[in-house]
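Observations on the three-dimensional arrangement
Here is what each chain is made of, one letter per residue.
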Amino acid sequence: MRCPKPEDGPAVTALIAASPPLDTNSAYCNLLQCSDFADTCIVAERAGKAIGWISAYRPPSRPEAIFVWQVAVDASARGEGLAARMLDELLARPAVRGATTLTTTITEQNSASWGLFTAFARRHGASLTKSPRFERDAHFAGAHDTEWQASIAPLPSAQT
């Protein structure tokens, strides 16, 4: 597991595209994540191939939080606990130091993501709360399911 570099952009784009139900981003968006947000993103590799990806950032208006945008695991690595290990690696990054809350958004039907983040909260002795963040009609004009915000706190580094 490592920080991404701009050259990882195409592999990240392909991994996300092969990981439904994730929303695909533009190749340029992924390139920016691999460069400008590299300190809070993770590429997991096996034999030189990208098999895992986390994109995350510290929201400027909420510096106490780390927002996890996407988690993708290649079909060849699913069921190995890679996503959980990448989340733990993210928490260990210097760029995440001081964060007390992990947030993410998940559609109601994405049971794999709900399972990942519920298990993460349980494993770290934290609470998970859920509330609508971006609603189907109000924010997506009916074209996308409601994105529910999962907030997990306190993060291990914030516990005394």
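Residues numbered from 1 in each chain as written. Predicted model: local features only at pLDDT ≥ 70, side-chain atom pairs only at ≥ 80, totals over all residues. Heavy atoms only, no water.

Section: the overall build of the protein chain
In terms of helices and strands, the protein chain carries five helices and six strands. For the protein chain, the sequential pattern of α-helices and β-strands runs α-α-β-β-β-α-β-α-β-α-β. Taking 160 residues into account, the globule formula puts the C-alpha radius of gyration at 15 Å, and the protein chain, at 15 Å, falls close to it. Each principal axis of the C-alpha distribution contributes one length, and for the protein chain these read about 45 × 35 × 30 Å. In the protein chain, 61% of the contacts between residues at least 6 apart in sequence involve partners at least 24 apart. Counting 15 positive and 16 negative side-chain charges, the protein chain places the averaged centre of each group 6 Å from the other. (Helix = DSSP H or I, 4+ residues; strand = E, 2+ residues; numbered from the N terminus. Rg over C-alpha atoms; globule rule 2.2 N^0.38 Å. Contact = heavy atoms within 4.5 Å. Lys, Arg positive; Asp, Glu negative; His and termini not counted. Charge placed at Lys NZ, Arg CZ, Asp CG, Glu CD.)

Side note on the packing of aromatic side chains
For the structure on display, the rule yields two aromatic pairs. Aromatic side chains Tyr57 and Phe67 sit 5.3 Å apart centroid to centroid with 45° between the ring planes, which places their arrangement in the tilted category. Taken together, the residues Tyr57 in strand S2 (residues 49–57) and Phe67 in strand S3 (residues 65–73) connect sequence positions ten residues apart. Phe67 gets classed as buried once you look at its relative accessible area, which sits at 8%. In textbook terms, an aromatic cluster arises when at least three aromatic residues are bridged by ring pairs, as seen for Phe37, Tyr57 and Phe67. Just above the ring of Trp114 sits the side chain of Lys130; from NZ or CZ to the centre is 4.9 Å. We note Lys130 situated over the ring of Trp148; from NZ or CZ to the ring centre the distance is 4.8 Å. (Phe/Tyr/Trp six-rings, centres within 6.5 Å; stacked < 30°, edge-to-face > 60°. Buried < 20%, exposed > 50% of the residue type's maximum accessible area, 1.4 Å probe, protein only. Lys NZ or Arg CZ within 6 Å of the ring centre and 35° of its normal.)

Brief notes about helix H3 (residues 82–92)
Residues of H3 that are buried include every one of Leu82, Ala83, Ala84, Met86, Leu87, Leu90 and Leu91, and no others. Those residues of H3 that are buried lie in contact with strand S1 (42–46), S2, S3, strand S4 (101–107) and helix H4 (111–123).

These results come straight from atomic positions and should not be treated as a statement about function.
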